[in-house]
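Next come the chains, spelled out residue by residue.
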Amino acid sequence: MVLDKLSESKEFDAELMYAAQASDIEEVKWLIHSIGVTSEVDIHFNPDGLRLEFKSQIQTIDCCKLTIAMRW
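Model, not experiment: these values are computed from the prediction.

J.: Before we move on, could you go through unusual backbone geometry and cite the residues and values that matter?
T.: For S23, which is not a glycine, the phi torsion comes out positive at approximately 60°. Along the chain, S23 turns up in the loop between α2 (10–21) and α3 (25–34). Exposure remark for S23: the relative accessible area of 57% places this residue in the exposed category.

J.: Tell me about the side chain of E53, residues and numbers included.
T.: Secondary-structure assignment places E53 in strand β2 (residues 49–58). You can call E53 buried: its relative accessible area is 13%. With sequence-adjacent residues up to four places away left out, E53 is seen in contact with E40, V41, D42, K65, L66 and T67.

J.: Account for the sheet that holds strand β1 (residues 40–46), naming residues and giving values.
T.: Within the open sheet, the three strands sit side by side as β1-β2-β3. Their pairing is antiparallel. Here the strands that pair on one side only, and so sit at the sheet edges, are β1 and β3 (61–71). Sheet twist, expressed as the mean angle between neighbouring strand axes with direction ignored, is 15°. As paired strands, β1 and β2 are joined by seven bridges and run antiparallel to one another. The partner of V41 across the bridge, within β2, is F54.

J.: Could you give an account of α2, naming the residues involved and the relevant values?
T.: Its 12 residues place the ends of α2 16 Å apart at the C-alpha level, agreeing with the 16 Å of an ideal helix rising 1.5 Å per residue. Of the surrounding elements, those touching the buried residues of α2 are α1 (2–8), α3, β1 and β2. Looking one or two places after α2, you find S23, whose phi comes out positive at around 60°.

Scoring rules and cut-offs
- Residues numbered from 1 in each chain as written.
- Predicted model: local features only at pLDDT ≥ 70, side-chain atom pairs only at ≥ 80, totals over all residues.
- Heavy atoms only, no water.
- Helix = DSSP H or I, 4+ residues; strand = E, 2+ residues; numbered from the N terminus.
- Buried < 20%, exposed > 50% of the residue type's maximum accessible area, 1.4 Å probe, protein only.
- Contact = heavy atoms within 4.5 Å.
- Pairing = 2+ DSSP bridges.
- Axes fitted to C-alpha atoms, helices over the stretch in contact; angles between N-to-C directions.
- Expected span 1.5 Å × (residues − 1).

This is how it looks when you write it as structure tokens:
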């Protein structure tokens, strides 16, 4: 979902990059969740890029993790 949105919408890309470069964590979180992401995601960013870490649990045991790292 996230990668599809980023590849389809240059406007969304620009909004996300601007919010991250401005250190606006709430806006970055809102933008990621506005795509429809429902899983737990840790968001890390700096002026050079963005890292999204998706986590999943089965019966309170951490089982799966997917990390997406992007550079502007």
